Amino acid sequence: MTACAESFGYYLKSRLTFLINKTDSTWNSMSYIQVREDSKLEIPDDLTIGFIEGDGIGPDISRAAVTVINSCIELAYKEKRRIGWKKILAGDAAFEKTGKHLPQESLDELKKCVVSIKGPLTTPIGEGFRSLNVTMRQYFDLYANVRPIRYFPGVPSPVKNPEKVDMVVFRENTEDLYAGIEWRYDSDEAKKLRWFLKEDFQVKLTDDTGIGIKPISKFKSQRLVRKAIQYALANRRKSVTLVHKGNIMKYTEGAFKEWGYDLAATEFKDQTIREDELQQGAPAAWRVVMKDRITDNMFQQVLTRTDEYDIIATTNLNGDYLSDAIAAQVGGLGLAPGGNIGDVYAIFEAVHGTAPKYAGQDVANPTSLILSGGMMLRHIGWTEAANILEEALTLTYADQKVTQDLARVLKVKALSGTEFATEVIKRMKVP
Ligand code: NAD
């Protein structure tokens, strides 16, 4: 190794140690985001961001992601801007310390920070506590789950033309079957509901039937579609597709579609156009095209007519399935970022789970959380840093520097999560 390469290696190592130490919650002189009366955010240059490490692989990928995010901020703004990471307890770590998985103090801290980022948290199936993710989304009214999904050249994909994928899914986050209105078949509530349905509506359910309720409201559907259209306009995207199962569930899924179209026609009259109007010859110049598709058809459309889809607005359960299926086309969940965004608060997160079998080994792929950090930087208006981050990640994948999940498919050497972060940082440059 040359002296020059050695000294660069030493520089990088000491830089990384310094940056990793910055995740310490003792970072001083941090300012908090201020929320103005019109709900707009005032972002200080010396900014506190809430930070939940997460369970399982959470601490590993969080460490890597924070290092990468700190580096791109430093490169973009030198000493002018920086993030102080406020560690907030949730999940197993919180339970060990407080006996609660999501103590009130943590909710208060998330509120104070306004914008936060989190690693994955465990949700036991069946019995046990309610999903912490769902609790946070409902507590802070984070009604839009936003997932941008696009392809990074070099990443192995199961489809022929993954480069055609460039979609952003806006999934309603607070109602539908995830609202948690559900009872076990033998509970008093289920018995009462079955009796009520039989007596008042002549709907007969057998005694072994559990019941879940699917609420979909006009207000919540329209605010989600509004956010999707605003995003399409701000980012000069071509279309917004309302995805629904309205042929079967007319008054919930079907209503979502109708309310979505109504909103576009009233609030965005001059900026949107319906696909059927377009087909009749109306001019499309500078307008966002509003389409709708039935969910099952949409699953094949994203595979067969991939580049015809752009922004997708959909109900909760559809969005859950669809966003994972689209992410699979570009290499899987490990590469898809996510943000839970409301009118004031936002929590960005890795969209995959805790992958317990890889916990503590520094082998997991931190890309999803790194990209969620990029989304967060765009959300607070630190676009230059986000561009540096995404460009460096693109170069890293193009050079086939990958963690074990992709290395075994590409048949190249697997990097640890920390080594992967180092490779990303090495490729950062000011445009
Ligand atoms: P998972 O995402 O943890 O794992 C699915 C598969 O993907 C596994 O094979 C895993 O090894 C692999 N994988 C996931 N992330 C990876 C990464 N970054 N790098 C390399 N490989 C990765 O899903 P699961 O096993 O269904 O769930 C485990 C736990 O995570 C459950 O308790 C579940 O509730 C929770 N979960 C949390 C979130 C969240 O906090 N947002 C999301 C999904 C699941």
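Preceding this paragraph is the structure being described.
On a predicted model such as this, the values are computed, not experimentally measured, just so you know.

Trainee: Quick question: what am I supposed to make of the site of the ligand here?
Mentor: Surrounding the ligand, one finds 19 residues, the nearest of these being Leu121, Asn133, Gly353, Ala355 and Asn365. At 3.0 Å, a backbone N or O of Thr354 approaches an oxygen atom of the ligand. Burial of the ligand by the protein amounts to 66% of the accessible area it has alone, namely 810 Å². Here the residues of the shell around the ligand sort into 8 nonpolar, 7 polar and 4 charged.

Trainee: Looking at this model, I keep getting lost on the pattern of salt bridges. Mind explaining?
Mentor: Between side chains of opposite charge, a pair can form as their charged atoms come close. The full count for this structure, using the stated rule, is 26 salt bridges. Between Lys245 and Asp296 there is a salt bridge, with its nearest N and O atoms 3.2 Å apart. Linking Lys245 in the loop between strand 10 (239-244) and helix 8 (250-267) with Asp296 in helix 10 (residues 295-304), this pair joins segments that are 51 residues apart in sequence. With relative accessibility at 47%, the residue Asp296 sits in the partly exposed group. Two residues, Glu390 and Arg378, come together in a salt bridge whose shortest N-O distance is 2.8 Å.

Trainee: Where do I start with the pairing of strand 5 (residues 115-118) in this structure?
Mentor: Consecutive side chains along a regular strand alternate between the two faces of the sheet. With burial as the criterion, each face of strand 5 is covered, one bearing Val115 and Ile117 and the other bearing Ser116 and Lys118. Of the strand pairs in this sheet, strand 3 (residues 46-52) and strand 5 are connected by 3 bridges, and their pairing is parallel. Bridging across to strand 5, Phe51 finds its partner in Ile117. As judged from the 4 bridges shared by strand 5 and strand 15 (residues 346-350), these two strands associate in the parallel manner. Note on strand 15: the bridge partner recorded for Val115 is Ala346.

The rules behind each value
Residues numbered from 1 in each chain as written. Predicted model: local features only at pLDDT ≥ 70, side-chain atom pairs only at ≥ 80, totals over all residues. Heavy atoms only, no water. Near = heavy atom within 4 Å. Polar contact = N/O pair within 3.5 Å; in protein donor to acceptor, adjacent residues only side chain to side chain. Areas by Shrake-Rupley, 256 points an atom, 1.4 Å probe, with all protein chains shown as cover. Nonpolar A, V, L, I, M, F, W, Y, C, P; charged D, E, K, R; others polar. Salt bridge = Lys/Arg side-chain N within 4 Å of Asp/Glu carboxyl O. Helix = DSSP H or I, 4+ residues; strand = E, 2+ residues; numbered from the N terminus. Buried < 20%, exposed > 50% of the residue type's maximum accessible area, 1.4 Å probe, protein only. Pairing = 2+ DSSP bridges.

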